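Residues per chain are reported as follows:
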Amino acid sequence: MANPDLMKHKNIIDVVKYRPLWLFISAVLLIPCIIAIAYLMWTQPNHAPVKLGIDYTGGTILQYSTANDVSIDDIESIREQLIDAGFQTPVAQLIKNQNAAVSSDENNEAPKNIISIKTSFLGDTKGEQIDNATNVVSSVVNDAELVQTNSIGPSLGFELLKNSLVALCLAFLAIVIYISFRFQSDYALITFLTLLHDAIFVIGFFAIMGIFFDLHIDSLFITAVLTVIGFSVHDTIVVFDRIRENNRFLAKKYTSDEIVNASVNQTLARSLNTSLTTLITLLALYFFGGATTKDFVLAMILGIIVGTYSSIFFASVLLAWDKEHVKAKA
């Protein structure tokens, strides 16, 4: 039950008073993302909002081990030579082996680095094209040895992309239906806008990274977006539930703006503590985890930050504006 003395407590932050500021911050975050998404959808042949990795387009990953130190210039040289050799959109990455150590045989060192080559589908894993790629890598890093080959066909990649988009749409739909039954239609609409706000920011950030740094997403990215959506809606429901409870008992004594402000401040500490503890874990994974999960963890970090912001400052502001509009209309 709502506390009748709720309004006597001093608010940590006046959310409604600085409504233009929060909306301006959201605009600053979203406008570059929307522009980047639109640019990629216009310029890419597949009209995707981000640059898709071989998980979705089909392709081949070649991994080479080496005991030598490899520089960024070496990786760039490998990529340029692969392009000259006729490989389509090759992506060369350096994966450092943090656990590299000299084995019991002094002449046999564990690989210090892994050179990962991602390119279009090469077909037969023992074909001439793979030999050509190996020759290119060996010309730059003389002790490079092919240790793994992994190929995904174009049809399988398209099927995975379709299933990922279906999962994303179903998650949005299920959340909106649940909020409609759990609260009201206006709460559901604002929740949907909040989730859209978070998803556009995360997708747009990776679209910008794709434009300027040629970053391609894989199937883990969709997993990260779905996780961010779940975290964001959980935080939003906590805020909305407190607003609804306070509104039920205090609506006759206080305005909607006052109730929203007080409710947000009641849940502020909980939201920040939950987000901070999650971020500490994610930051540890980002800086000390494997290189193959960095993009996934980065998407999670961005999603947690923007999800916490939107639940406190975006969703509550829209709800206060909606109740004010309904009251003025009545």
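As shown above, the structure is provided for reference.
This text gives an overview of the structure that appears in the document. All figures in this text were calculated on a predicted structure; none of them were measured in a lab.

1. Some remarks on the sheet that holds strand β2 (residues 91-96)
Here four strands make up an open sheet; going across it, the order is β2-β3-β1-β4 and the pairing antiparallel. Pairing within the sheet leaves two strands with one partner each, and these edge strands are β2 and β4 (145-152). Across this sheet, the average inter-strand angle for adjacent strands is 20°, counted without regard to direction. Bridge count between strand β1 (residues 59-66) and strand β3 (residues 113-119): seven bridges; the pairing is antiparallel. Residue pairing across strands places Thr-66 opposite Asn-113, the latter belonging to β3.

2. Topic: helix α9 (residues 294-329)
Here α9 contains 36 residues, and its C-alpha end-to-end distance of 50 Å stays within 8% of the 52 Å for a straight helix at 1.5 Å per residue. Within α9, the axis deviates most sharply at Ser-310, by approximately 45°.

3. Here's the deal with the packing of aromatic side chains
To describe a pair of aromatic rings, you give the distance between the ring centres and the angle between the ring planes. Within the structure shown, the criterion is met by nine aromatic pairs. An angle of 35° between the planes, with centres 4.3 Å apart, marks the rings of Trp-22 and Phe-313 as tilted. Placement of Trp-22 in helix α1 (residues 19-43) and of Phe-313 in helix α9 is noted, with a sequence separation of 291 residues between them. What makes Trp-22 buried here is its relative accessible area of 10%. With centroids separated by 5.6 Å and ring planes inclined at 35°, the aromatic side chains of Tyr-309 and Phe-313 adopt a geometry described as tilted. Here Tyr-309 pairs with Phe-313, and both are found in helix α9, just four residues apart, close to one helical turn.

4. Description of the nonpolar core
Taken as a class, soluble globular proteins show a tendency for nonpolar side chains to be buried jointly. The biggest cluster of nonpolar side chains holds 63 residues, and the ones touching the most others in it are Ile-179, Phe-206, Phe-221 and Phe-240. Going through the elements one at a time, α1, α5 (154-182), α6 (185-213), α7 (219-250), α8 (256-288) and α9 are the ones with two or more residues in this core. At 17 residues, α9 tops the list of elements feeding residues into this core. Here Phe-221 is in contact with Val-202, Ile-203, Phe-206 and Ala-299, once residues within four sequence places are set aside. By size, the runner-up hydrophobic cluster in this structure holds 17 residues, among which are Tyr-64, Ile-75, Ile-115 and Ala-133.

5. Let's talk about α6
With 29 residues, α6 extends 41 Å between its outermost C-alpha atoms, agreeing within 8% with the 42 Å of an ideal straight helix rising 1.5 Å per residue. Of the residues trailing α6, Asp-214 is marked for its positive phi of about 55°.

6. As for the packing of α5 against α6
Packing of α5 against α6 leaves a shortest axis separation of 8 Å and a crossing angle of 150°. As far as their axial angle goes, α6 and α5 are roughly antiparallel. Relative to α6, α5 is oriented so that their crossing is right-handed. Here Phe-172, Ile-175, Val-176, Ile-179 and Ser-180 of α5 come into contact with α6, specifically with Tyr-187, Ala-188, Thr-191, Phe-192, Leu-195, Leu-196 and Ala-199. Residue composition of the contact of α5 with α6, by class: ten nonpolar, two polar and no charged.

Scoring rules and cut-offs
Residues numbered from 1 in each chain as written. Predicted model: local features only at pLDDT ≥ 70, side-chain atom pairs only at ≥ 80, totals over all residues. Heavy atoms only, no water. Pairing = 2+ DSSP bridges. Helix = DSSP H or I, 4+ residues; strand = E, 2+ residues; numbered from the N terminus. Axes fitted to C-alpha atoms, helices over the stretch in contact; angles between N-to-C directions. Expected span 1.5 Å × (residues − 1). Bend = angle between axes of the 7 residues up to and from the residue. Phe/Tyr/Trp six-rings, centres within 6.5 Å; stacked < 30°, edge-to-face > 60°. Buried < 20%, exposed > 50% of the residue type's maximum accessible area, 1.4 Å probe, protein only. Core = buried A, V, L, I, M, F, W, Y, C linked by side-chain atoms within 4.5 Å. Contact = heavy atoms within 4.5 Å. Parallel < 35°, antiparallel > 145°, perpendicular 65-115°, else oblique. Left-handed = near helix turned anticlockwise from the far one by under 90°. Nonpolar A, V, L, I, M, F, W, Y, C, P; charged D, E, K, R; others polar.

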